[in-house]
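# Examining the three-dimensional arrangement
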Amino acid sequence: MSSDSRTVVWFRRDLRVDDNPALATAAKEGSVLPVFIWCPKEEGQFYPGRVSRWWLKQSLMHLKQSLRSLGADLLLIKAESTIEALLECIHAIGATKLVYNHLYDPISLVRDHSIKQKLMELGMSVQSYNGDLLYKPWDIYDDKGNAFTTFEAYWNKCLSMQMEFVSLLPPWRLVPAAGKVNNCSIEELGLEDESEKSSNALLGRGWSPGWSNADKALTEFIEQHLFDYSKKRLKVEGNSTSLLSPYLHFGELSVRKVLHSVRMKQLLWVKEGNSVWEESVDLFLRAIGLREYSRYLCFNFPSTHERPLLSNLKHFPWHAHHVHFKAWRQGRTGYPLVDAGMRELWATGWIHNRIRVIVSSFAVKFLLLPWKWGMKYFWDTLLDADLESDILGWQYISGSLPDGHELDRLDSPEIQGSNYDPEGEYVRHWLPELARVPTEWIHHPWDAPFTVLKSAGVELGQNYPKPIIEIDLARERLTEAIFMMWEKDAATKVANSNGTNEEVVDNSDSIENLSIANVSVKEKTPCPTSSSHDQRVPTFQNSKSGLLNRKRAKCIEDEKLSQNNLHNYDHGCGTSRADEDLRSTAESSSAKKQATSRTSFSVPQSCSSSSEGNPLQEYESPGLKQPWPEQIVWEKTSSKDGPSHGEDDWAC
Ligand SMILES: Cc1cc2nc3c(=O)[nH]c(=O)nc-3n(C[C@H](O)[C@H](O)[C@H](O)COP(=O)(O)OP(=O)(O)OC[C@H]3O[C@@H](n4cnc5c(N)ncnc54)[C@H](O)[C@@H]3O)c2cc1C
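This one's a predicted model, so the numbers in the text were calculated from it and none came from an experiment.

Let us look at the overall build of the protein chain. From N to C terminus, the protein chain includes 28 helices and eight strands. Residue pairs in contact within the protein chain that sit at least 24 positions apart in sequence constitute 83% of those at least 6 positions apart. Surface exposure of the protein chain reaches about 25400 Å², of which carbon and sulfur atoms provide 52%.

Given below as structure tokens:
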């Protein structure tokens, strides 16, 4: 240890002490100043929502405690400018170096790049590390050196790569750097308003943020639930999946550690010849692979938060309809499964992946709302709000990815309801006004005989809305919109036939960037169905603890449902039969398919595999350097007609 080395360790979304490359390196070299800088101004339109800020606050307190017990406190700084705050820290301790772990979201990529440039110009040594991914995005390219644009190809390449797996132990002691910096208390950071505290208190009953809790959650999942993941991951209620997403988002859990622990378990099961359990591990790692892929796409195509990866949506006639958008947010669309999902999201800040797919598809395909609005709303309301995964999810469902859902695929919420909530319990829980509707009608109350509704106490249009749009009309509108888009595409091509390249834009660029109206969290009445107010937080009286509190300990086993899912699930290929049913409900006539396959879509190509060098060295985002956009043309053919293996695993 060279004792005169003084390093500022800049924490962001790597709120843990073990397997933290930036912290480990700094601790080895000398004294450290760990710092977290909160700069709301720089967050811009991606300022985190209430629940996400709540999590951050708890997690910071946890980390502060841990670092203190190792010998160095975590400084909390509220700043107008991150670079100025960093410079203040650097000057205060006479630091020779700044270290941090990479982030890949488009906002951080730009900010970090310019901070690094400026500090290096000032003669500082700045080093950044991979603390968030199994595979560094600049290591994975196809044979021609291009970035992958389909998950399957990307993941196969990853799996074929040798992975240097080194999990770093936490430093056993930290030497604090001497110097005085103005810092503030956790309350002064302002992550939580007074008005938010009572609603946030509910979150603490279901979730325990902090890196050591993340470790416990991982161990518990691996020991008690991983073996069942292949069977249960499609259940929309209870704890059917790992619930690790918020921990992974805030970097409280090292993804390398997740891989290592899960693989160890798999080895054991291989030895025991337990193939079903082994499959669970593969599927779980595929899910982790999707997270990796989300970072990969953002790194290689850093405009994906604004533009679809495919340019096919350039002329899509979005309906920027504020009343529909509000009804969707409030869970008042008249489609029970969608409404239940949206109310769960508002109340708990978390929903199952399948529900995310259902509600987001509804917004885009039924209501034709701009996908960016939905993405922003999820960003504002999810506990695990993660820009890259959010972007990936919304692009996946809106026909913006080569291997995502087709734009013309319209799934019926009624059929999805009977597949994923066969007994209607999920809907009954979140829509108490439908609690007495018999299971037969719970997912399509508009078809129920008047007498049935009457005895269930439901009056459509009064205490529960009529469908905001009929399925047939939605189908018609979507088809029309797609044809309109094609016509405009064709006209533009003709107009551009002089050979000039089209620019890849999404016509929703002309639609206002929504700042979602702040919603009142003070009022704690059960979710109203006929009020003009926006979403509200349900009271405890209104929420069964098992569902409101997603914590694994409160898992309620539902054998019947699990049997059902087991029945629907095709173990051989990892694609659920339920999904195949859904595919058949999609309005995808063969004529339209042919027309789809004739259409050329452009994928912007951003970078080639020019990156070299030490993984722990500084890097620059190729996306920031390369001219944008160069284009390649991709023929939308085979992946649509024959979905790739496990296509809907993406969604589950
Ligand atoms: C429209 C839409 C928006 C989404 N927004 C987010 C978001 O803001 N933040 C977020 O973390 N996830 C998002 N997802 C992905 C996914 O729904 C969640 O990661 C998952 O439901 C988290 O639950 P879990 O931890 O129990 O997942 P598990 O099934 O146990 O998976 C383990 C981990 O793999 C990763 N993962 C799983 N599925 C996906 C996926 N489809 N895409 C990317 N990573 C995945 C997550 O990190 C997750 O914690 C979104 C999906 C859709 C369709």
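What follows covers the pairing of strand E5 (residues 125-129). The element E5 is extensively covered by neighbouring structure, given that four of its five residues are classed as buried. Taken together, the five bridges between strand E4 (residues 97-101) and E5 define a ladder with parallel strand orientation. Across the sheet, the residue bridging to Lys 97 is Ser 125, located in E5. You can see the chain leave E4, run along helix H5 (residues 106-121) and come back into E5, and the turn it takes is right-handed.

A large share of strand E2 (residues 30-38) lies buried, amounting to nine of its nine residues. The sheet contact formed by strand E1 (residues 5-11) and E2 spans seven bridges and is parallel. Directly across from Phe 11, in E2, lies its bridge partner Phe 36. Once the chain exits E1 it traverses helix H1 (residues 21-29) before rejoining the sheet at E2, and the crossover so formed is right-handed. Direction of pairing for E2 relative to strand E3 (residues 75-78): parallel, over a ladder of four bridges. Its bridge partner being in E3, Phe 36 is matched across the sheet by Leu 76.

As a further point, take the nonpolar core. Residues Leu 60, Phe 316 and Trp 328 are the most contacted members of the largest nonpolar core, which totals 145 residues. When residues in this core are grouped by element, the largest group, 11 residues, is from helix H12 (residues 275-300). Residues Trp 10, Val 35, Ile 90 and Met 124 belong to the second largest nonpolar core, which totals 24 residues.

Attention now goes to the packing of aromatic side chains. Counting across every chain of the model gives 35 aromatic pairs. Ring geometry for Trp 38 and Tyr 47: centres 5.8 Å apart, planes at 45°, overall tilted. By relative accessible area, Trp 38 is classed as buried at 3%. Following the ring pairs from residue to residue traces out a cluster consisting of Tyr 135, Phe 151, Tyr 154, Trp 155, Tyr 293 and Tyr 296. We note Arg 356 situated over the ring of Trp 350; from NZ or CZ to the ring centre the distance is 5.5 Å.

Next up on the list: the site of the ligand. Near the ligand, the surroundings consist of 28 residues, among which Tyr 229, Thr 241, Ser 242, Leu 243 and Asn 353 are the closest. At 2.5 Å, a side-chain N or O of Ser 242 approaches an oxygen atom of the ligand. Protein burial of the ligand: of its 820 Å² of free accessible surface, 97% is covered by the chains. For the shell around the ligand, the secondary structure elements donating two or more residues are helix H10 (245-249), H12, helix H15 (353-366) and helix H17 (387-397). By residue class, the composition of the shell around the ligand is 16 nonpolar, seven polar and five charged.

Here the focus is the pattern of salt bridges. Applying the stated rule across the entire model yields 30 salt bridges. Among the ionic pairs, Asp 18 bridges to Lys 257, the shortest N-O distance being 2.8 Å. With Asp 18 in the loop between E1 and H1 and Lys 257 in helix H11 (residues 255-272), the pair connects residues that are 239 residues apart, well separated along the chain. Residue classification places Asp 18 among the buried positions, given a relative accessible area of 10%. Lys 376 is paired through a salt bridge with Asp 380; the nearest N and O atoms lie 3.0 Å apart. Of this pair, Lys 376 and Asp 380 both sit in helix H16 (residues 371-381), separated by four residues, roughly a single helical turn. The same class applies to Lys 376 as to Asp 380, namely buried. A network of salt bridges, in which partner residues are shared, links Lys 57, Glu 187, Glu 192, Glu 194 and Lys 197.

What follows deals with unusual backbone geometry. Phi is positive for Asp 19, which is not a glycine, with a value near 45°. Relative to the elements of secondary structure, Asp 19 occurs in the loop between E1 and H1. Positive phi values are uncommon outside glycine, yet Leu 243 reaches one of about 60°. Mapped onto the fold, Leu 243 is located in the loop between helix H9 (229-232) and H10. Judged by relative accessible area, which is 7%, Leu 243 ranks as buried.

Under the 1.5 Å per step criterion, the end-to-end length of H5 is 23 Å for 16 residues, consistent within 8% with the ideal 22 Å. Every buried residue of H5 is listed here: Pro 106, Ser 108, Leu 109, Asp 112, Ile 115, Lys 116 and Leu 119. Trailing H5 by a residue or two, Gly 123 shows a phi angle of about 90°, which is positive.

Let's shift gears to helix H13 (residues 322-330). All of the buried residues along H13 are His 324, Phe 325, Ala 327, Trp 328, Arg 329 and Gln 330. Looking one or two residues beyond H13, the residue adopting positive phi is Gly 331, at roughly 70°.

Positionally, Glu 192 belongs in the loop between strand E6 (175-176) and helix H7 (194-206). Side-chain polar atoms of Glu 192 contact the side chain of Asn 200, separated by 2.9 Å. With residues near it in sequence (within four places) discarded, Glu 192 still touches Arg 53, Trp 54, Lys 57, Lys 197 and Asn 200.

The geometry of helix H3 (residues 50-70) relative to H7 is characterised by a closest axis approach of 10 Å and an angle of 65° between their N-to-C directions. The orientation of H3 relative to H7 falls into the category roughly perpendicular. In the packing of H3 onto H7, the handedness of the crossing is right-handed. Facing H3, whose interface residues are Arg 50, Val 51, Arg 53, Trp 54 and Lys 57, H7 presents Glu 196, Lys 197, Ser 199, Asn 200, Leu 203 and Gly 204. Taken together, the residues of the contact of H3 with H7 sort by class into three nonpolar, three polar and five charged.

Time to look at the packing of helix H14 (residues 336-348) against H16. At a closest axis distance of 9 Å, the pairing of H14 and H16 adopts a crossing angle of 40°. Relative to H16, the element H14 lies oblique. Along its contact with H14, which presents Met 342, Leu 345 and Trp 346, the element H16 presents Tyr 377, Phe 378 and Thr 381. The class makeup of the residues in the contact of H14 with H16 is five nonpolar, one polar and no charged.

Cut-offs and rules
- Residues numbered from 1 in each chain as written.
- Predicted model: local features only at pLDDT ≥ 70, side-chain atom pairs only at ≥ 80, totals over all residues.
- Heavy atoms only, no water.
- Helix = DSSP H or I, 4+ residues; strand = E, 2+ residues; numbered from the N terminus.
- Contact = heavy atoms within 4.5 Å.
- Areas by Shrake-Rupley, 256 points an atom, 1.4 Å probe, with all protein chains shown as cover.
- Buried < 20%, exposed > 50% of the residue type's maximum accessible area, 1.4 Å probe, protein only.
- Pairing = 2+ DSSP bridges.
- Right-handed = clockwise from strand over helix to strand, strands pointing away.
- Core = buried A, V, L, I, M, F, W, Y, C linked by side-chain atoms within 4.5 Å.
- Phe/Tyr/Trp six-rings, centres within 6.5 Å; stacked < 30°, edge-to-face > 60°.
- Lys NZ or Arg CZ within 6 Å of the ring centre and 35° of its normal.
- Near = heavy atom within 4 Å.
- Polar contact = N/O pair within 3.5 Å; in protein donor to acceptor, adjacent residues only side chain to side chain.
- Nonpolar A, V, L, I, M, F, W, Y, C, P; charged D, E, K, R; others polar.
- Salt bridge = Lys/Arg side-chain N within 4 Å of Asp/Glu carboxyl O.
- Expected span 1.5 Å × (residues − 1).
- Axes fitted to C-alpha atoms, helices over the stretch in contact; angles between N-to-C directions.
- Parallel < 35°, antiparallel > 145°, perpendicular 65-115°, else oblique.
- Left-handed = near helix turned anticlockwise from the far one by under 90°.

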